[in-house]
Amino acid sequence: MAATFVDIQYAANLLRRGEVVAFPTETVYGLGADAFNAQAIERVYELKGRPRHNPLIVHVSGPEMARRVVREWSDAAAALSRRFWPGPLSILVPRSRELPEIVTAGSDLVAVRCPNHPVTLALLFELNRPLVGPSANLSGHVSPTDAQHVREAFADRGVQVLDGGACEAGIESTVVDVTSDPPRVLRPGIISAAQIAEVLGRPVAETSGDQPVGGPLHSPGLLDRHYCPRAAAYVFDENEWPDVRRIAAGRGDMVILSHRLLRAEPGLRVIELPPDAAGYAAILYAALRDADRAGASTILIERPPTGRATDEDPLWMAITDRLSRAAIRLPDDWADGAATSRPIT
Ligand code: TXA
Ligand code: MG
């Protein structure tokens, strides 16, 4: 049931006492703690099993609150926040010395974002303090896009979950570093590099996970193998479809995720995803979880369309980025029956 104002006040009190509360955003659910309480943040890392070198995003109610955690709010940061907040854009800026080091895992930069969700905006205003919020999943697993996903991972660890319903966007925020020259997108998302470049009036670089960034700044979320379902996940291309259909037929443990190629056929277990990028992103993580829940040992994912010069292309690229961390390509000998080989997790 959706959180009421009483739930929000209760959550704010828990956070004031240094407890951890999960909150909804338009992208995915976050595991929240007071950004100035190092002990509470320790517990976030511990609950997630998150490596200590992977910094956390700080959630704020707007630019004014952002200024409390940053040393310098540049014109670029101001322009981007005006245009895209509240919304799915995390902006990397120099951090305030007051902010506990554990938030940024020792980095001199902090990622700040104002989430576009009424429940969490109300929480931030009520609390009047910034909140760290990594995605509310165990480290390396699929991000949660509804309250039940969070409860499955953390309810028995005593974490309260503010229920804000299903997340609309469904994939994590774009992370952009505005301190580098040129500014650089470290994690692709709903807001594209082109949209950011338009606001900044200058080109913006993009980092793909395959090309590690030079210099000290590195976004550990770009590491390979992330967002993983329990089952072995593979991406297949259109020309592999006849093989996939033949091999998966009658195999109850093989689940196919398709947005285009397929009609439900007897003997195939298919989860149909919407053919548009926004609809696809919104339910992709839930679909991966559904496949796990259905007992799949193997998830076969039809490759999303990219490289077409359409408005949807940047979002398909962001989706492909997530899939490339959740899945591997089919091995060449797959059609010869080698489908039991598992990707390295
Ligand atoms: O949409 C989102 O961003 C969600 C919701 C809850 O806001 N949060 C989220 O947090 O996805 P997390 O911790 O799962 O991913 C944060 C990403 C990681 O790739 C992390 O390495 C990067 O942002 N990041 C955070 N702070 C950073 C910093 N100071 N420097 C470089 N990368 C940073
Ligand atoms: Mg995450």
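Numbering of residues begins from 1 in every chain and follows the order in which that chain's sequence is written. Each chain is given a letter, starting from A, and each ligand a number, starting from 1, according to the order in which they appear as written. Per-residue local features of the predicted model are confined to residues with pLDDT of at least 70, and side-chain atom pairs are confined, for both listing and counting, to 80 or more; whole-chain, interface and lining totals are unaffected and use all residues. Here the side-chain values reflect all heavy atoms present in the structure, with hydrogen atoms and water set aside.

Attention shifts here to the overall build of the chain. Labels follow the DSSP assignment, with helices taken as runs of H or I lasting at least four residues and strands as runs of E lasting at least two, numbered in each case from the N terminus. If you tally the helices and strands in the chain, you get 11 helices and 15 strands. Three labels apply to residues, based on accessible area from a 1.4 Å probe with only protein chains included: buried if under 20% of the type maximum, exposed if over 50%, partly exposed otherwise in between. Looking at the 345 residues of the chain, the share that counts as buried comes to 56%. For the chain, restricting intrachain contacts to residue pairs at least 6 apart in sequence, the fraction spanning at least 24 positions comes to 66%. Element-wise, carbon and sulfur atoms account for 50% of the exposed surface of the chain, whose accessible area totals about 14,800 Å². The contact criterion used is simple: two residues touch if any of their non-hydrogen atoms lie within 4.5 Å. The protein chains shown are the only cover counted for residues, whose accessible areas, like all others here, come from Shrake-Rupley with a 1.4 Å probe.

Each reported salt bridge corresponds to a side-chain nitrogen of Lys or Arg within 4 Å of a carboxyl oxygen of Asp or Glu. Applying the stated criterion to the full structure yields 20 salt bridges. As a salt-bridge pair, R260 and E302 come within 3.6 Å of each other at their nearest N and O atoms. Separated by 42 residues along the polypeptide, R260 in the loop between β12 (254–258) and β13 (269–272) and E302 in strand β14 (residues 298–302) bring together distant segments of the chain. Residue E302 is classed as buried on the basis of its relative accessible area, which comes to 2%. A network of salt bridges, in which partner residues are shared, links E172, D321, R322 and R325.

What follows deals with helix α9 (residues 241–248). When α9 is considered as a whole, its buried residues turn out to be W241, V244, I247 and A248. For α9, the angular spread of buried residues about the axis comes to 135°, placing them on one side. Taken from the residues just after α9, G250 is the one with a positive phi, measuring 75°. The directions from the helix axis to the C-beta atoms form the arc being described.

Next up on the list: the nonpolar core. By size, the foremost hydrophobic cluster in this structure holds 51 residues, and its most contacted members are V112 and I196. The element best represented in this core is helix α2 (residues 38–48), accounting for five residues. Not counting the four nearest positions on each side in its chain, I196 is found in contact with L80, F84, L89, T174, V176, V185, I191 and V204. Buried residues of nine kinds, namely Ala, Val, Leu, Ile, Met, Phe, Trp, Tyr and Cys, make up a nonpolar core once their side-chain atoms join them within 4.5 Å. Core analysis: the second largest hydrophobic core is formed by 27 residues, I171, V235, I299 and I319 among them.

The next subject is the side chain of K48. As for its position among the elements, K48 is in helix α2. Looking at K48, its side chain comes within polar contact range of the main-chain oxygen of N137, at 2.9 Å. Leaving out residues up to four positions away in the same chain, K48 has contacts with L31, P134, S135, N137, L138, S139 and F154. Think of a polar contact as two N or O atoms within 3.5 Å of one another; within protein, one of them needs to be a possible hydrogen donor and the other a possible acceptor, and neighboring residues in sequence only count if both atoms come from side chains.

So, on to the sheet that holds strand β9 (residues 184–187). When DSSP locates at least two bridges between a pair of strands, those strands are taken to pair. Spatially, 10 strands are ordered β7-β1-β2-β6-β3-β5-β4-β8-β9-β10 in an open sheet, and the strand pairing comes out mixed. In this open sheet, the two edge strands, each paired with only one partner strand, are β7 (160–161) and β10 (205–206).

Right, let's talk about the pairing of strand β4 (residues 89–94) for a bit. Regular strands place their side chains on alternate faces of the sheet. The buried fraction of β4 is high, at six of six residues. Both β4 and strand β8 (residues 174–177) contribute to a ladder of four bridges, which runs parallel. Bridging from a neighbouring strand, I91 pairs with V176 of β8.

Residue P86 is reached from W85 by a cis peptide bond, and omega for that bond is -10°. Considering the arrangement of structural elements, one finds P86 in the loop between α4 (75–84) and β4. Look at the link from D181 to P182: it is a cis peptide, with omega at 0°. Position of P182 among the secondary structure elements: in the loop between β8 and β9. Even without a glycine there, the phi angle at A105 is positive, about 50°. Tracing the sequence through the fold places A105 in the loop between α5 (101–104) and β5 (109–113). A105 gets classed as partly exposed once you look at its relative accessible area, which sits at 30%. One non-glycine residue with positive phi stands out, namely N128, at about 60°. Classification of N128 by relative accessible area gives partly exposed; the value is 44%.

Let's shift gears to the packing of helix α1 (residues 5–16) against helix α6 (residues 118–127). For every element, the axis is a line fit to its C-alpha atoms; helices are fit only across the contacting stretch, and the angle between N-to-C directions ranges from 0 to 180 degrees. Orientation of α1 relative to α6, taken along the N-to-C sense of each, is 50°, at an axis distance of 9 Å. It follows from the interaxial angle that α1 and α6 lie oblique. Crossing geometry of α1 relative to α6 is assigned as right-handed. Facing F5, I8, Q9, A11, A12, L15 and R16 of α1, the residues of α6 in contact are V119, A122, L123, E126 and L127. Each residue is assigned to one class: nonpolar for Ala, Val, Leu, Ile, Met, Phe, Trp, Tyr, Cys and Pro, charged for Asp, Glu, Lys and Arg, and polar for all the others, Gly among them. Here the residues of the contact of α1 with α6 are counted per class, giving nine nonpolar, one polar and two charged. Angles below 35 degrees are treated as roughly parallel, those above 145 as roughly antiparallel, those between 65 and 115 as roughly perpendicular, and all remaining angles as oblique. The crossing is said to be left-handed when, going from far helix to near helix, the turn is anticlockwise and less than a right angle, and right-handed when the turn is clockwise.

Let us look at the packing of aromatic side chains. A pair of aromatic rings is counted whenever rings of Phe, Tyr or Trp (Trp by its six-membered ring) have centres within 6.5 Å, and the orientation is called stacked for planes under 30 degrees apart, edge-to-face for over 60 and tilted otherwise. For the structure shown, the criterion picks out three aromatic pairs. Ring plane angle 40° and centroid distance 5.8 Å describe the contact between W73 and W85, whose orientation is recorded as tilted. Linking W73 in the loop between α3 (63–66) and α4 with W85 in the loop between α4 and β4, this pair joins segments that are 12 residues apart in sequence. By the burial criterion, W73 is buried, and W85 matches it.

Moving on to the environment of E26. Within the secondary structure layout, E26 lies in the loop between β1 (21–23) and β2 (30–34). Residue E26 is classed as buried on the basis of its relative accessible area, which comes to 8%. Contacts of E26, omitting those with residues within four sequence positions, involve G87, P88, R113, P115, N116, H117, C167, E168, A169 and G170.

Structural measurements only, silent on function.
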